[in-house]
Amino acid sequence: MSIRVGEVIAVHGTKLVLKIDEQSSKETLFYEGERYKGVSIREYLSIQRGFRDIICMVEGEFLDESRTELHDGRQTFVRKVEARPIGYFDRSGFTQGIKYLPMIQDAAYLLPEEKIRSIFDRRADGDFRIGIMLKEEIAAGLPWKRLFNSHIGIFGNTGSGKSNTLAKLYTVLLDQKLPLITGKSRFIILDFNGEYGGEQLAAADHKTVYQLSTLTNPDLDAPTSRFPLAPDEFWELETMSLLFQATPNTQRPFLNRVITGKQRFGSNPGSLTTYAKRMFQRSFCAGEVKTATLDLMRTVARRMRNQQVQDLLADVTWFRNGARFMCRGAWIDPDGRNYEEHIAPIIDTLDIQDLDEFDELVLRVNLQLISDLNAGYVQFEHIQPLLKRVESSLTSLRKVLSISDDIPPERLLTVISMRRCNNEVKKVLPLLFAKHYYNNHKATVATPPDRTVHLIIDEAHNILSDQSSRESETWKDYRLEQFEEIIKEGRKFGMFITIASQRPADISSTIVSQLHNFFIHRLVNDRDLYLIDNTISTLDALSRSLIPGLSQGCCVVTGTAFELPMVIQVDRLPNGKQPASEDVDLDKLWSDALVVGAE
């Protein structure tokens, strides 16, 4: 038995009205050694109907001023509460959902804490805990098997505790399940602000941290100063199009011709030198000389570090009348005699030595454009923007990427920190990394999946925003389409995404709609609240109304892995395990400064 607190006096569909006894308003009651919480908003009551207990949640309270009752010789108004059924207990335990409804005069009872815990722990691992339920003050386990087998969204304003929630979630997982996970799953964090490069989440022997920087030259002896890519992956159309934001109709086919040439002749030493000499000869001896090829040849000579050819090309001029080149007083005619006499001996000194993949790319792009211009395949103004992007991007990309067949073995957790990268690189690299892991996993995983990859994107609005005005609409659409493909199709291949963001309304609605489970911290912006309200079908109105007023570290947890929404106060991690995103303690900072100044 339990403590009887009232009875049902009205049933309006799924809305119940209960008359509540006066003594039930006490905060805490004890009965037969059990602790009970009194009736209040968001408290749970049991209504007995036959052999079943129908569980209801209290959503409102009011006094019926039209009715009074006599208690201890004084008149009191009738106290009523509104409640909503959420499930029922039978012999098999708690079942979520409305199957049975009470009738008038059915008695209502308080629930002991153990029974409240069983409502939320039914499908959960009782040991997998990240905090306590806010109102009930009991530690409820999370269903980790269903949670990490899904896409997860962690949202909240800055300072609301979302980074601590993200870190706590995966810290508990890796601490408790490490023997089960090792060799079967991998976790990749795209870290925009350098919050997870220390001792967070996992021990150093299970963790690789890439500290990427475009501000300084990388330490070539440090394998984690640049992210490794295999040459086959670098010389791939998707990678090239992504890195240099190629347009689909003209620039992407051009890059495809560059890559095809590399694949056909790249293994033959000396083939690129021969190709360059042939392109020079065709440019000088073409029937109709293209003036743009002169600048392209100068770029090739500069990249090949041949000063002799650079000096020669500096003396070459183009004349509109006749559309011919002149070199040191000699016209270069299509018959090639003057070319062989004045130019060919110097061009034959071209030789390619010690070129890395980036310089080779610049060479091949320029040579391919020379070939296409001479053949009349392309308009120079259509390809020139791509050429400039390639040349300008390579300075930064060379600092953050290494192209080599020697790929180090991956550990359980990989953190890619882009804190010291410029905005251009931050816009491109996350998409490259996501495609890198997605394509490799998709190509090698069994059916059904025998391994999983978990991609964690902190501050996801940096890369998943559909509100950005810093880039063209074409590139923005392409970027979002790639991530949307991963989040829509990745689950079939065992790839799951966790995103954390301050502004969920800025993130593509397609991506948010594909998330399965949510940890929602304080949000106050109307657009964010509107998105949450219209995207998450498992969030009830009462839990939704709490979101703008949640305290730091407190979040509403809901989704397909949970029977009911829960409000959880997430435990703070120890200082060494917390993400590097804590508020500055001005009292300590300025006090230390005053002490130093006094000395």
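What this report covers is the structure whose coordinates are included nearby. (Residues numbered from 1 in each chain as written. Predicted model: local features only at pLDDT ≥ 70, side-chain atom pairs only at ≥ 80, totals over all residues. Heavy atoms only, no water.)

Quick notes on the nonpolar core
Consideration 1: If you look at the biggest cluster of nonpolar residues, it comprises 108 residues, and the most contacted ones within it are Leu212, Phe284, Leu401, Leu429, Ile457 and Ile499.
Consideration 2: In this structure, Ile499 is in contact with Ile152, Gly153, Ile154, Phe155, Ile457, Ala460, Leu464, Ile507, Ile511 and Leu515, ignoring residues within four places of it in sequence.
Consideration 3: Counting residues in each nonpolar core, the second largest holds 51 residues, with Ile130, Leu169, Val172 and Phe519 among its members. (Core = buried A, V, L, I, M, F, W, Y, C linked by side-chain atoms within 4.5 Å. Buried < 20%, exposed > 50% of the residue type's maximum accessible area, 1.4 Å probe, protein only. Contact = heavy atoms within 4.5 Å.)

With respect to the pattern of salt bridges
Consideration 1: All chains considered together, the criterion is met by 22 salt bridges.
Consideration 2: The salt bridge partner of Arg364 is Glu360, with a shortest N-O separation of 3.0 Å. On the criterion of helical spacing, the pair formed by Arg364 and Glu360 is a turn pair, its members being four residues apart in helix α11 (residues 357-375).
Consideration 3: Using a relative accessible area of 8% as the deciding quantity, one classes Arg364 as buried. (Salt bridge = Lys/Arg side-chain N within 4 Å of Asp/Glu carboxyl O. Helix = DSSP H or I, 4+ residues; strand = E, 2+ residues; numbered from the N terminus.)

A look at the side chain of Ser271
Consideration 1: Secondary-structure assignment places Ser271 in helix α7 (residues 271-285).
Consideration 2: Take Ser271: its relative accessible area is 14%, and that puts it in the buried class.
Consideration 3: Separated by 2.8 Å, the side chain of Ser271 and the backbone oxygen of Phe265 make a polar contact. (Polar contact = N/O pair within 3.5 Å; in protein donor to acceptor, adjacent residues only side chain to side chain.)

Observations concerning the pairing of strand β21 (residues 495-501)
Consideration 1: The buried count for β21 comes to seven of seven residues, which makes it a mostly enclosed element.
Consideration 2: Because side chains alternate across β21, one face comprises the buried residues Met495, Ile497, Ile499 and Ser501, and the other comprises Phe496, Thr498 and Ala500, equally buried.
Consideration 3: Taken together, the four bridges between strand β11 (residues 152-155) and β21 define a ladder with parallel strand orientation. Among the inter-strand pairings, Ile154 is bridged to a residue of β21, identified as Ala500. (Pairing = 2+ DSSP bridges.)

Here we look at the pairing of strand β12 (residues 185-191)
Consideration 1: Taking burial as the measure, the seven residues of β12 include six buried ones, the bulk of the element.
Consideration 2: Of the pairings in the sheet, the one linking β12 to strand β20 (residues 452-457) comprises six bridges and is parallel in character. By the bridge assignment for β20, Phe187 is matched with His454.
Consideration 3: Relative to strand β19 (residues 413-420), β12 runs parallel, the two being bridged by five bridges. Within β19, the position partnered with Phe187 by the bridge is Leu413.

What to know about helix α5 (residues 237-244)
For the α-helix, the turn length of 3.6 residues means that residues three or four positions removed from each other point alike.
Consideration 1: The buried fraction of α5 is high, at six of eight residues.
Consideration 2: Buried within α5 we find Thr239, Met240, Ser241, Leu242, Leu243 and Phe244.

What about helix α9 (residues 307-314)?
Consideration 1: Those residues of α9 lying buried are Val309, Leu312 and Leu313. Here the buried residues of α9 occupy an arc of 95° about the axis, which is enough to place them on one side.
Consideration 2: Lining the buried residues of α9 we find α7, α8 (292-303), β15 (316-319), β16 (324-327) and α10 (337-347). (Arc of directions from axis to C-beta.)

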